[in-house]
Amino acid sequence: MKNKINIIDNFLPKEEFLKLKTILMSDMMPWFFNDYKVHDTKKEGLNNYQFIHVFYKNHQIWSNHYNCLLPLIDKIKPNSLVRVKANLSNVTKTNIRSDFHTDIAGVKCTTAIFYINSNNGFTEFEDGKKINSVENRLITFPSEMKHLGATCTDVKRRIVLNFNYF
């Protein structure tokens, strides 16, 4: 397995990024309560939840907001999407890490995380490498690399887009 993590800052042109950020941070964006951050997690407690918005899953578009992602998808240039979803974590008193996980068990593809807002949350890999949440940053890595997301303590919410694709 090749453990290569690519980091690209200022991934989208500023105008396209601000359009996408405005939609995802809007009070009109529908977010859905998810009773866990990682399926089959070992962690329990009151902070083991997040809000999600699924854009694409099971070979079909699941969201009326899918088209707002087209500039991002066009630039990533996937051959085939597996899943696209947004994750929203609320502010917490300390950075709370999820469990290490892969996004889709048994599927060897590429995972991309696109950061919508800057905050002191982060993505961490099993080798200890941490990627800070910086708006308009895209990271890509092999889907079999275990990673975790951490909440933020400095802004009201942390929003990331999560892509799995071939």
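Every value quoted in this text rests on a predicted model; they were computed, and no experiment measured them.

Asks: What am I meant to see in helix α1 (residues 14-25) here?
Replies: In an α-helix, one turn spans 3.6 residues; hence positions three or four apart end up facing the same way. The terminal C-alpha atoms of α1 lie 16 Å apart, and with 12 residues this matches the ideal 16 Å at 1.5 Å per residue to within 8%. Residues F17, L20 and L24 constitute the buried set of α1. Each buried residue of α1 sits inside an arc of 70° when the element is viewed along its axis, so together they form one side. The outward face of α1, more than 90 degrees from its buried face, is lined by the exposed residues K14, E15, K19 and T22. Of the surrounding secondary structure, the elements contacted by the buried residues of α1 are β3 (50-57), α2 (70-76), β6 (110-115) and β11 (157-165).

Asks: Is there a simple way to think about the nonpolar core in this case?
Replies: Taken as a class, soluble globular proteins show a tendency for nonpolar side chains to be buried jointly. Residues L20, F55, L69, L72, F114, L161 and F163 are the most contacted members of the largest nonpolar core, which totals 27 residues. Those elements that place two or more of their residues in this core are α1, β3, α2, β5 (81-90), β6 and β11. Residues in contact with F163, not counting those within four places in the same chain, are L72, I73, I76, R83, V84, T110, T111, A112 and F114. Grouped together as the second largest cluster of nonpolar side chains are nine residues, Y115, I131, F141 and V160 included.

Asks: Any chance you could explain the environment of F141 here in plain terms?
Replies: Among the structural elements, F141 can be located in strand β9 (residues 137-142). When its relative accessible area of 2% is taken as the criterion, F141 is described as buried. For the pair F141 and A112, spaced 29 residues apart in sequence, the C-alpha separation works out to 6.6 Å. The residues touching F141, leaving out its near neighbours within four places in the chain, are K4, I5, C109, T110, T111, I113, F125 and H147.

Asks: Help me understand the side chain of R137 in this model?
Replies: Mapped onto the secondary structure, R137 falls in strand β9. Within the structure, R137 has its side chain in polar contact with the backbone oxygen of N132 (distance 3.0 Å). Ignoring anything within four residues of it in the chain, the contact list for R137 reads I7, I8, D9, I113, F114, Y115, I131 and N132.

Asks: What is the right way to look at the pairing of β5 in this model?
Replies: Within a regular beta strand, the side chains point alternately toward one face of the sheet and then the other, so they alternate between its two faces. Burial within β5 is extensive, with nine of its 10 residues counted as buried. Where β3 meets β5, six bridges bridge the pair, whose relative direction is antiparallel. Along β5, the bridge assignment pairs H53 with A86. Bridge analysis of β5 against β11 gives nine bridges, and the strand direction is antiparallel. From the neighbouring strand, L81 faces β11, where its bridge partner is Y165.

Asks: How do you make sense of the pattern of salt bridges when you look at a structure like this?
Replies: When the charged atoms of two side chains with opposite charge come close together, those side chains can pair. As enumerated under the stated definition, the model contains three salt bridges in all. Two residues, E135 and K21, come together in a salt bridge whose shortest N-O distance is 2.4 Å. With E135 in the loop between β8 (130-133) and β9 and K21 in helix α1, this residue pair connects regions lying 114 residues apart in the sequence. Here E124 and R97 are joined by a salt bridge, their closest N and O atoms 2.9 Å apart. With E124 in strand β7 (residues 119-125) and R97 in the loop between β5 and β6, the pair connects residues that are 27 residues apart, well separated along the chain.

Asks: Can you walk me through the sheet that holds β7 in this structure?
Replies: Strand pairing within a sheet occurs via backbone hydrogen bonds; the two strands may be parallel or antiparallel. Spatially, the three strands line up as an open sheet ordered β8-β7-β10, and their pairing is antiparallel. The strands lining the two open edges of the sheet, one partner per strand, are β8 and β10 (147-150). Neighbour-to-neighbour, the strand axes of the sheet open up by a mean angle of 20°, direction not taken into account. As defined by bridge partners, β7 adjoins β10 across four bridges and the pair is classed as antiparallel. When the bridges of β10 are listed, F122 appears paired with A150.

Each value, and the rule that gives it
Residues numbered from 1 in each chain as written. Predicted model: local features only at pLDDT ≥ 70, side-chain atom pairs only at ≥ 80, totals over all residues. Heavy atoms only, no water. Helix = DSSP H or I, 4+ residues; strand = E, 2+ residues; numbered from the N terminus. Expected span 1.5 Å × (residues − 1). Buried < 20%, exposed > 50% of the residue type's maximum accessible area, 1.4 Å probe, protein only. Arc of directions from axis to C-beta. Contact = heavy atoms within 4.5 Å. Core = buried A, V, L, I, M, F, W, Y, C linked by side-chain atoms within 4.5 Å. Polar contact = N/O pair within 3.5 Å; in protein donor to acceptor, adjacent residues only side chain to side chain. Pairing = 2+ DSSP bridges. Salt bridge = Lys/Arg side-chain N within 4 Å of Asp/Glu carboxyl O. Axes fitted to C-alpha atoms, helices over the stretch in contact; angles between N-to-C directions.

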